[in-house]
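Here are the chains, one letter per residue:
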Amino acid sequence: LTGVLDDCLCDIESIDDFNTFKIFPKIQKLQERDYFRYYKVNLKRPCPFWADDGHCSIKDCHVEPCPESKIPVGIKAGSSNKYSKVANNSKELEDCEQANKLGAINSTLSNQSKEAFIDWARYDDSQDHFCELDDERSPDAQYVDLLLNPERYTGYKGPSAWRVWNSIYEENCFKPRSVYRPLNPLAPSRGGSCLFYFLMQFFQRLCLEKRVFYKLISGLHASINLHLCANYLLEETWGKPRWGPNVKEFTRRFDPLETKGEGPRRLKNLYFLYLIELRALSKVAPYFERSVVDLYTGNGHEDAESKALLLDIFRDTKSFHMHFDEKSMFAGDKKGAKSLKEEFRLHFKNISRIMDCVGCDKCRLWGKLQTQGLGTALKILFSEKEIQSLPENSPSKGFQLTRQEIVALVNAFGRLSTSIRELQNFKVLLQQTR
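The rules behind the values
Residues numbered from 1 in each chain as written. Predicted model: local features only at pLDDT ≥ 70, side-chain atom pairs only at ≥ 80, totals over all residues. Heavy atoms only, no water. Helix = DSSP H or I, 4+ residues; strand = E, 2+ residues; numbered from the N terminus. Buried < 20%, exposed > 50% of the residue type's maximum accessible area, 1.4 Å probe, protein only. Contact = heavy atoms within 4.5 Å. Areas by Shrake-Rupley, 256 points an atom, 1.4 Å probe, with all protein chains shown as cover. Salt bridge = Lys/Arg side-chain N within 4 Å of Asp/Glu carboxyl O. Phe/Tyr/Trp six-rings, centres within 6.5 Å; stacked < 30°, edge-to-face > 60°. Lys NZ or Arg CZ within 6 Å of the ring centre and 35° of its normal. Pairing = 2+ DSSP bridges. Axes fitted to C-alpha atoms, helices over the stretch in contact; angles between N-to-C directions. Parallel < 35°, antiparallel > 145°, perpendicular 65-115°, else oblique. Left-handed = near helix turned anticlockwise from the far one by under 90°. Nonpolar A, V, L, I, M, F, W, Y, C, P; charged D, E, K, R; others polar. Expected span 1.5 Å × (residues − 1). Bend = angle between axes of the 7 residues up to and from the residue. UniProt positions renumbered as here; feature names shortened; annotations may be inferred. Core = buried A, V, L, I, M, F, W, Y, C linked by side-chain atoms within 4.5 Å. Disulfide = S-S within 2.5 Å. pLDDT = per-residue confidence, 0-100.

Considerations on the overall build of the chain
- Scanning the chain for helices and strands turns up 14 helices and four strands.
- A buried classification covers 56% of the 434 residues belonging to the chain.
- In the chain, 80% of the contacts between residues at least 6 apart in sequence involve partners at least 24 apart.
- Summed over its atoms, the accessible surface of the chain is roughly 19900 Å², and 51% of this surface lies on carbon and sulfur atoms.

This is the structure:
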């Protein structure tokens with residue numbers, strides 16, 4: 001892959017260098033910090049679109065949650081005191097010892113600020129959300145250690161997995177109902193590469209917003225596929241699995257000949273998605289640069305280091321000189337732009353609900369996290385005015401991020417950064433096999 005990406009003025013080589021030398025090492029370290037390694041998720045929500053066809057029984061599909069009994073009171077508390085210092089006084093536990101460091105964004109808030117946070121909990125901000133958010137108060141919502149449950153190929157495939165992606169593409173992307181996505185085993189064959197050419201011609205006639213939507217979904221799909229190819233179960237001897245890159249699987253999913261020319265475009269959409277989330281990080285920096293915001297875990301020294309590293313990453317994102325210009329989106333007449341933006345939001349929100357139909361728990365975990373991370377990025381991009389008007393030393397109703405949104409945003413971008421890094425590894429491996 002070389003050259004300039006469509007719908008922006010950024011070239012692939014610049015992204016590769018920027019990610020390899022600036023972003024990737026730092027985002028890896030940040031994901032290992034206590035604040036970002038635990039994610040609260042409900043993996044038991046029923047599929048809202050079709051009857052449950054059973055969960056994956058393969059052992060690698062299993063997710064090991066952090067037991068509820070091991071979570072300190074300060075974390076389990078409701079929104080009324082989740083920003084208090086209660087969590088800071090909780091005793092560390094031997095098992096899952098890191099979990100008790102998870103808490104609120106701020107550890108030193110005035111009573112007035114605490115009341116404002118309570119008001120936020122009552123404030124209906126659903127119009128800003130691009131995702132169907134899990135109810136953290138649900139008894140089925142559990143903390144998961146992302147480092148102990150890495151995203152990789154679990155063996156989950158076939159009609160159940162394809163039904164999820166088929167639903168996403170066929171029902172939620174802006175394209176004619178009569179056009180099926182190429183290479184979909186659930187769809188009838190309609191001419192292979194000729195269909196692909198027709199589809200690409202159609203996309204070029206779509207407005208920018210609808211092309212962007214499709215590229216975001218395609219880029220997310222490509223990124224997930226890259227993770228599975230890079231962390232594949234190569235063999236298992238005497239119960240000891242060996243995971244690593246699978247060049248044959250990578251070729252099957254992305255090679256131009258194997259995919260009738262679609263593979264490279266999928267990877268270009270991955271780069272496009274990277275630019276979108278990179279832009280969101282640069283835009284949200286003022287929210288975290290305020291002294292009132294602290295990545296609170298109860299460990300003052302670690303909290304300070306985590307915030308310093310996050311702000312360092314923000315400085316890097318702002319230094320990138322070929323950002324995607326989101327102002328070019330929804331820039332037509334106000335009524336039409338508002339209607340299109342709402343359609344855009346509802347389409348993506350519907351996709352976030354489809355993630356509850358994934359039969360493999362580990363795949364569902366990472367699908368929900370990466371979808372919520374992208375949804376949070378979109379929320380940021382469409383809230384620029386609210387972010388710019390935030391007060392320095394007090395909370396504001398104008399724009400807010402929950403801890404779950406913050407964790408999803410950072411980890412989702414970390415996954416994209418890893419995808420682009422893994423793509424470089426596959427380039428080397430392919431050269432070695434020739």
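Observations concerning the pattern of salt bridges
- Throughout the structure, instances matching the rule amount to 18 salt bridges.
- Several salt bridges converge on common partners, so that one network encompasses Lys26, Asp312, Arg315 and Asp316.

Observations concerning the packing of aromatic side chains
- Under the definition given, this model contains twelve aromatic pairs.
- Ring geometry for Phe272 and Phe324: centres 5.4 Å apart, planes at 75 degrees, overall edge-to-face. Of this pair, Phe272 sits in helix α9 (residues 263–289) while Phe324 sits in the loop between α10 (300–319) and α11 (334–354); the two residues are 52 residues apart in sequence, bridging distant segments of the chain.
- Residue classification places Phe324 among the buried residues on the basis of a relative accessible area of 2%.
- Aromatic rings pair up to connect Tyr287, Phe288, Phe314 and Phe399 into one cluster.
- Positioned above the aromatic ring of Trp366, the side-chain terminus of Arg415 is 5.5 Å from the ring centre.

A look at unusual backbone geometry
- Even without being a glycine, Lys260 presents a positive backbone phi close to 55 degrees.
- Relative to the helices and strands, Lys260 is located in the loop between α8 (247–254) and α9.
- Classification of Lys260 by relative accessible area gives partly exposed; the value is 44%.

Notes on the pairing of strand β3 (residues 232–237)
- Relative to strand β4 (residues 240–244), β3 runs antiparallel, the two sharing five bridges. Within β4, the position partnered with Tyr232 by the bridge is Gly244.
- The antiparallel hairpin formed by β3 and β4 contains two residues in its connecting segment, where Trp238 sits at a positive phi of about 55 degrees.

With respect to the packing of helix α7 (residues 208–230) against helix α14 (residues 403–433)
- Running from amino to carboxyl end, α7 crosses α14 at an angle of 55 degrees, the nearest separation of the two axes being 9 Å. Taken together, the axis directions place α7 and α14 in an arrangement best described as oblique. Here the hand of the crossing between α7 and α14 comes out left-handed. Note on element contacts: α14 touches α7 through Arg415, Leu416, Ser419, Glu422, Leu423 and Phe426, opposite Ser223, Leu226, His227, Cys229 and Ala230.
- Its residues assigned to classes, the contact of α7 with α14 shows six nonpolar, three polar and two charged.

Brief notes about α9
- Between the first and last C-alpha of α9 there are 39 Å, a value that for 27 residues agrees with the 39 Å anticipated at 1.5 Å per step.
- Its maximal kink placed at Lys283, α9 deviates by approximately 35 degrees, while the proline Pro286 follows within four residues.
- Among the 27 residues that make up α9, 22 are buried, leaving the element largely enclosed by the rest of the structure.

Some remarks on the UniProt feature "active site" (unreviewed entry) in the chain
- UniProt's entry tags Cys360 and Cys363 with the feature "active site" (unreviewed entry), counted in the numbering of this structure.
- What makes Cys360 buried here is its relative accessible area of 0%.
- On the secondary structure map, Cys363 appears in helix α12 (residues 361–381).
- By relative accessible area, Cys363 is classed as partly exposed at 25%.
- Not counting residues up to four positions away in its chain, the partners in contact with Cys363 are Thr154, Tyr156 and Val358.

Considerations on the nonpolar core
- Core analysis: the biggest nonpolar cluster contains 103 residues, and Ile15, Leu216, Tyr274, Val284, Phe288 and Leu365 have the highest contact counts within it.
- The leading source of residues in this core is α9, at 15 residues.
- With near-sequence residues (within four places) excluded, Ile15 lies in contact with Leu5, Cys10, Tyr271, Tyr274, Leu275, Phe320 and Ile420.

So, the state of the cysteines
- Summed over all chains, the structure comprises one disulfide.
- Note that Cys47 is cross-linked by a disulfide to Cys357, the S-S spacing being 2.0 Å. When the S-S torsion is 75 degrees, as for the bridge of Cys47 with Cys357, the disulfide is right-handed. In this pair, Cys47 is assigned in the loop between β1 (38–42) and α3 (73–76) and Cys357 in the loop between α11 and α12, connecting sequence segments 310 residues apart. Note on accessibility: Cys47 and Cys357 belong to one class, buried.

What to know about the confidence of the model for the chain
- Mean pLDDT over the chain: 77, with 74% of residues reaching 70 or higher.
- Mean pLDDT values for the elements of the chain range from 44 in α3 up to 96 in helix α1 (residues 12–31).
- pLDDT under 50 marks residues 77–109. Its contacts with residues more than four places away, or in other chains, come to 85 contacts.
- Scored below 50 in pLDDT, residues 117–126 makes 16 contacts in the model with residues more than four places away or belonging to other chains.

A look at the side chain of Ser352
- Here Ser352 lies in helix α11.
- According to the relative accessible area criterion, Ser352 is buried, its value standing at 6%.
- Ignoring sequence-local partners within four residues, the contact set of Ser352 consists of Cys131, Glu132 and Thr371.

A short note on the pairing of β1
- Burial of β1 is extensive: five of the five residues sit out of reach of the surface.
- Of the two faces of β1, both are covered, the one formed by Tyr38, Lys40 and Asn42 as well as the one formed by Tyr39 and Val41.

Side note on the environment of Cys66
- Note that Cys66 resides in the loop between β1 and α3.
- Take Cys66: its relative accessible area is 4%, and that puts it in the buried class.
- Expressed as a C-alpha distance, the spacing of Cys66 and Val144, which sit 78 residues apart in the sequence, is 5.6 Å.

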